[in-house]
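Overview (structure and organization)
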Amino acid sequence: MNIFNDKIYIFGDDDRQRALFSLFLEKGFNTAISSNCFSGKNKKIKYSHCFNESKSFSGTDFLIFPIPVKKEMIDNIFPFAYKNNYLIGGLFDKELIDFCKYYGINYYDLYKSKTFVTNNAKITAEGAVFNAMHSSKITISGSKCLVIGYGNCGKKICSLLKCMKACIYVVENDMKSKSFHTQDLCLRTKCHNALFYENINDIKSIHKFDFIFNTAPSKVLTHNILEKLSKNTTIIDIASAPGGTDFDYCKKHGITAKLCPGIPGTYAPKSAAHIIFNEIVNLKREG
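These notes cover the structure that comes with them. Note that the structure is a prediction, hence the values are computed from the model and not measured.

1. Structural notes on the packing of helix α3 (residues 114-135) against helix α4 (residues 152-163)
Between α3 and α4, the least distance of the axes is 8 Å, while the angle of their chain directions is 50 degrees. By the angle between their directions, the pair α3 and α4 is classed as oblique. Handedness of the α3/α4 crossing: right-handed. Two secondary-structure elements touch here, α3 through V117, T118, A121, K122, T124, A125, E126, A128 and V129 and α4 through N152, C153, K156, I157, L160 and L161. Taken together, the residues of the contact of α3 with α4 sort by class into nine nonpolar, three polar and three charged.

2. Overview of the pattern of salt bridges
If you walk through the whole model with that rule in mind, you get two salt bridges. Here D15 and R18 are joined by a salt bridge, their closest N and O atoms 2.4 Å apart. Residue D15 and its partner R18 are located together in helix α1 (residues 15-26), separated by three residues, close to a single helical turn. The class of D15 is partly exposed, set by a relative accessible area of 40%. Of the charged contacts in the structure, one is a salt bridge between K94 and D98, with a shortest N-O distance of 2.8 Å. Of this pair, K94 and D98 both sit in helix α2 (residues 94-103), separated by four residues, roughly a single helical turn. For K94, a relative accessible area of 61% corresponds to the exposed category.

Cut-off values and rules
Residues numbered from 1 in each chain as written. Predicted model: local features only at pLDDT ≥ 70, side-chain atom pairs only at ≥ 80, totals over all residues. Heavy atoms only, no water. Axes fitted to C-alpha atoms, helices over the stretch in contact; angles between N-to-C directions. Helix = DSSP H or I, 4+ residues; strand = E, 2+ residues; numbered from the N terminus. Parallel < 35°, antiparallel > 145°, perpendicular 65-115°, else oblique. Left-handed = near helix turned anticlockwise from the far one by under 90°. Contact = heavy atoms within 4.5 Å. Nonpolar A, V, L, I, M, F, W, Y, C, P; charged D, E, K, R; others polar. Salt bridge = Lys/Arg side-chain N within 4 Å of Asp/Glu carboxyl O. Buried < 20%, exposed > 50% of the residue type's maximum accessible area, 1.4 Å probe, protein only.

The following block contains the structure:
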């Protein structure tokens, strides 16, 4: 099957979606991109030489949405999708999944791919550390860093901080799992002065941290924790909005805190687009 006969329709106007559009064009795919499609405004559509408006939706093989994808985002677009289409995005909400199943629409959540998750986490970690360096007046090297959460992104942040010779502390409440103990041992062996805690309240000297990286979506950095921090502490929160930090408290008390959701699409949109492009090409080849 010739994958270059496929039609690709990209929704959204962020940097990653535009970079993805350019990449598909560069590789010779029939591609179109639509912006302002989620607000009910007139669509601004840019087509490749092989893809015109009259046949744009009904013959489209892949409909690619920004990340995360929610049901409300597609309300102005459907019923343009057909059973031979593939709806592609990430972090689908339950309402959208139920919708696709009910109408028999094929869908693919990028976050179900281990390769995508791993590569995306690498970009996220690099972007998180970049934001920390940009927001602080001290170096990462020799600093004391607290990483809240030890999932895919938390692990990559720790690995990067280790390479930069920071002192690393981790809060992870799932210390009983076998997989965590394996990673725990690995990190303790390779990282100088790395310590683990099950609960952030167990940390007695939290005021000594220079940087705090939060990956947990629930409210972790509440006022009773924040009031113990130094005014020189820099907080980088990469959880989905509204994040896990009390930003109002931080603003009121002069604590540097930055919410950084969707780092891959803002920090390195071209690299992030390549990851999605490879996933889609591999999906077509396998299917």
